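Here is how the chains run, residue by residue.
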Amino acid sequence: MHEIIESGVTAADPAGYVEATIRPDGRLAALRIDPRAMYDLTAAELAGACIEAIQRACSARADTTDHTA
């Protein structure tokens, strides 16, 4: 799922390899990659996990801004 924090919204890919934080202004604040990803995923799978985590965080941010408007 996602977590709302003061500095933005954080979400992960379904497998939990990548975690992305989106700032309130919509910019990417952080991208954390679990070291296991290097052994468990191909480069294409890791790229997909990064995109998935960022998309989920962006969607969660949009959901939170819709409710506060």
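Here the structure is shown first, and the text comes after it.
These remarks concern the structure in this document. (Residues numbered from 1 in each chain as written. Predicted model: local features only at pLDDT ≥ 70, side-chain atom pairs only at ≥ 80, totals over all residues. Heavy atoms only, no water.)

Focus: the overall build of the chain
Then, in step 1: Counting secondary structure elements, the chain contains 2 helices and 4 strands.
Then, in step 2: Seen in sequence order, the chain has helices and strands lined up from the N terminus as β-β-β-β-α-α.
Then, in step 3: Here the chain holds 69 residues, and the buried ones make up 26% of them.
Then, in step 4: Considering only contacts in the chain between residues 6 or more positions apart, those separated by 24 or more positions represent 37%.
Then, in step 5: Only carbon and sulfur atoms are counted for the fraction: they give 57% of the accessible area of the chain, which is about 4500 Å². (Helix = DSSP H or I, 4+ residues; strand = E, 2+ residues; numbered from the N terminus. Buried < 20%, exposed > 50% of the residue type's maximum accessible area, 1.4 Å probe, protein only. Contact = heavy atoms within 4.5 Å. Areas by Shrake-Rupley, 256 points an atom, 1.4 Å probe, with all protein chains shown as cover.)

A closer look at the pattern of salt bridges
Then, in step 1: Under the definition given, this model contains 4 salt bridges.
Then, in step 2: Across the pair Asp 25 and Arg 27 runs a salt bridge, and its minimum N-O distance is 3.0 Å.
Then, in step 3: Given the relative accessible area of 48%, Arg 27 is considered partly exposed. (Salt bridge = Lys/Arg side-chain N within 4 Å of Asp/Glu carboxyl O.)

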